[in-house]
Amino acid sequence: MRTLPEAFEQALSYADYVEAWRTHLATPKKELDKTGRIYQYYALYNQGRTTDISETYAPSAAIREALGNFDRPVHWLVLTEDWCGDSAFSLPMIVALAEQSEHVTLRILLRDDNLDLMDRYLTNGTRSIPKLIAFDPESGRELFQWGPRPAELAGARETWKAEGAEGKELARRGVAWYENGGWHQVEDELLPLISEATAPVPAS
């Protein structure tokens, strides 16, 4: 079983992930099966959503202060895929936050190529993404994890499912939730996790 540091060494930089995304979009449709064409379609729309968030999001003073309290290296590993709608909104925020600290190094692992690790971070038994795992690179000790989506949206999805929504309808409502400002809740949930991870350890 791979450790987090071992998985991190095999992961992509964000720049390499974006380049792989471009390559995916450039793949001729005739080379893809039906599922592959659907994923490529999602990846195309997510590219625009990610760009919008990247151009709009500015980390708050509170979370910049919390990130500034990292005084030693920390690694952030994200399991995701370019076709994931939740990731299109949250990953660019995670990237922007990592850039706020010289001590934070971010890497990306593609979920479907790393199911051994993904299956250690299931959400209610499912391989839901994105999943952010922050850990100490020397000890491999996990500091916190977040994902795959803000709690409010997770609760709303359960309500929608109970009402009979599924598949494309769930995805449509989820995207609408993010576009109505729900994406701000990603930072709201990451702030206390980062603050706790950077808090001084009490002397024993």
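Here's a quick rundown of the structure.

Scoring rules and cut-offs
Residues numbered from 1 in each chain as written. Predicted model: local features only at pLDDT ≥ 70, side-chain atom pairs only at ≥ 80, totals over all residues. Heavy atoms only, no water. Helix = DSSP H or I, 4+ residues; strand = E, 2+ residues; numbered from the N terminus. Buried < 20%, exposed > 50% of the residue type's maximum accessible area, 1.4 Å probe, protein only. Contact = heavy atoms within 4.5 Å. Pairing = 2+ DSSP bridges. Phe/Tyr/Trp six-rings, centres within 6.5 Å; stacked < 30°, edge-to-face > 60°. Axes fitted to C-alpha atoms, helices over the stretch in contact; angles between N-to-C directions. Parallel < 35°, antiparallel > 145°, perpendicular 65-115°, else oblique. Left-handed = near helix turned anticlockwise from the far one by under 90°. Nonpolar A, V, L, I, M, F, W, Y, C, P; charged D, E, K, R; others polar. Expected span 1.5 Å × (residues − 1). Polar contact = N/O pair within 3.5 Å; in protein donor to acceptor, adjacent residues only side chain to side chain. 1 Å grid on protein atoms, 1.4 Å probe; cavity = no way out; pocket = protein on both sides within 12 Å on 5 of 7 lines; lining within 4 Å. Points joined across faces, edges and corners; volume = space filled by probe spheres on them.

### Focus: the overall build of the protein chain
Logical step 1: Summing up its helical and strand segments, the protein chain has 9 helices and 4 strands in all.
Logical step 2: For the protein chain, the succession of helices and strands along the chain, N to C, is α-α-α-α-β-α-β-α-β-β-α-α-α.
Logical step 3: Principal-axis analysis of the C-alpha atoms places the extent of the protein chain at approximately 60 × 35 × 35 Å.
Logical step 4: Looking at the protein chain residue by residue over its 204 residues, the buried ones come to 44%.
Logical step 5: Once local pairs closer than 6 in sequence are excluded, the contacts in the protein chain between residues at least 24 apart make up 73%.

### A few points about the pairing of strand β3 (residues 131-135)
Logical step 1: Summarising burial for β3: 5 of the 5 residues are buried, a large majority.
Logical step 2: Alternating residues of β3 divide into K131, I133 and F135 and L132 and A134, and every residue in both groups is buried.
Logical step 3: Sheet analysis places strand β1 (residues 74-80) next to β3, joined by 5 bridges and oriented antiparallel. Along β3, the bridge assignment pairs H75 with F135.
Logical step 4: For β3 and strand β4 (residues 142-146), the ladder comprises 4 bridges, and the chain directions are antiparallel.

### Some remarks on the packing of aromatic side chains
Logical step 1: Considering all chains together, one arrives at 10 aromatic pairs under this definition.
Logical step 2: Taken together, the aromatic side chains of Y14, Y17 and W21 make up a single cluster linked through ring pairs.

### Looking at the packing of helix α5 (residues 85-98) against helix α9 (residues 184-198)
Logical step 1: Where α5 meets α9, the closest approach of the two axes is 9 Å, and the angle between their N-to-C directions is 45 degrees. Relative to α9, α5 is oriented oblique. Handedness of the crossing formed by α5 with α9: right-handed. On α9, the residues that touch S90, M93, I94 and L97 of α5 are V186, E187 and L190.
Logical step 2: A class-by-class count of the residues in the contact of α5 with α9 yields 5 nonpolar, 1 polar and 1 charged.

### A few points about α9
Logical step 1: Between its first and last C-alpha atoms α9 spans 22 Å; for 15 residues at 1.5 Å apiece the expected length is 21 Å, and the two agree.
Logical step 2: Here α9 has its buried residues at Q185, V186, E187, L190, I194 and T198.

### Quick look at the environment of R173
Logical step 1: Turning to its location among the elements, R173 is positioned in helix α8 (residues 167-182).
Logical step 2: Judged by relative accessible area, which is 24%, R173 ranks as partly exposed.
Logical step 3: Between the C-alpha atom of R173 and that of W160, which follows or precedes it by 13 residues, the distance is 8.7 Å.
Logical step 4: The contact partners of R173, leaving out residues within four places of it in the chain, are W160, E163 and A165.
Logical step 5: Engagement of the side chain of R173 in a polar contact is seen with the side chain of E163, the distance being 3.4 Å.

### Thoughts on the packing of helix α7 (residues 151-162) against α8
Logical step 1: Between α7 and α8, whose axes approach to 11 Å, the crossing angle comes to 145 degrees. Crossing hand, α7 versus α8: right-handed. On the side of α7, the interface is formed by E152, L153, R157, W160 and K161, while α8 contributes L170, R173, G174, W177 and Y178.
Logical step 2: In the contact of α7 with α8, the residues fall into 5 nonpolar, 1 polar and 4 charged.

### Looking at the layout of surface pockets
Logical step 1: Estimates place the volume of the largest pocket at around 920 Å³.
Logical step 2: Looking at the largest pocket, it is lined by 33 residues, and the ones nearest its centre are G85, D86, R149, R157 and A171.
Logical step 3: With 8 residues, α8 is the single largest residue contributor to the lining of the largest pocket.
Logical step 4: Residue composition of the lining of the largest pocket, grouped by class: 14 nonpolar, 9 polar and 10 charged.

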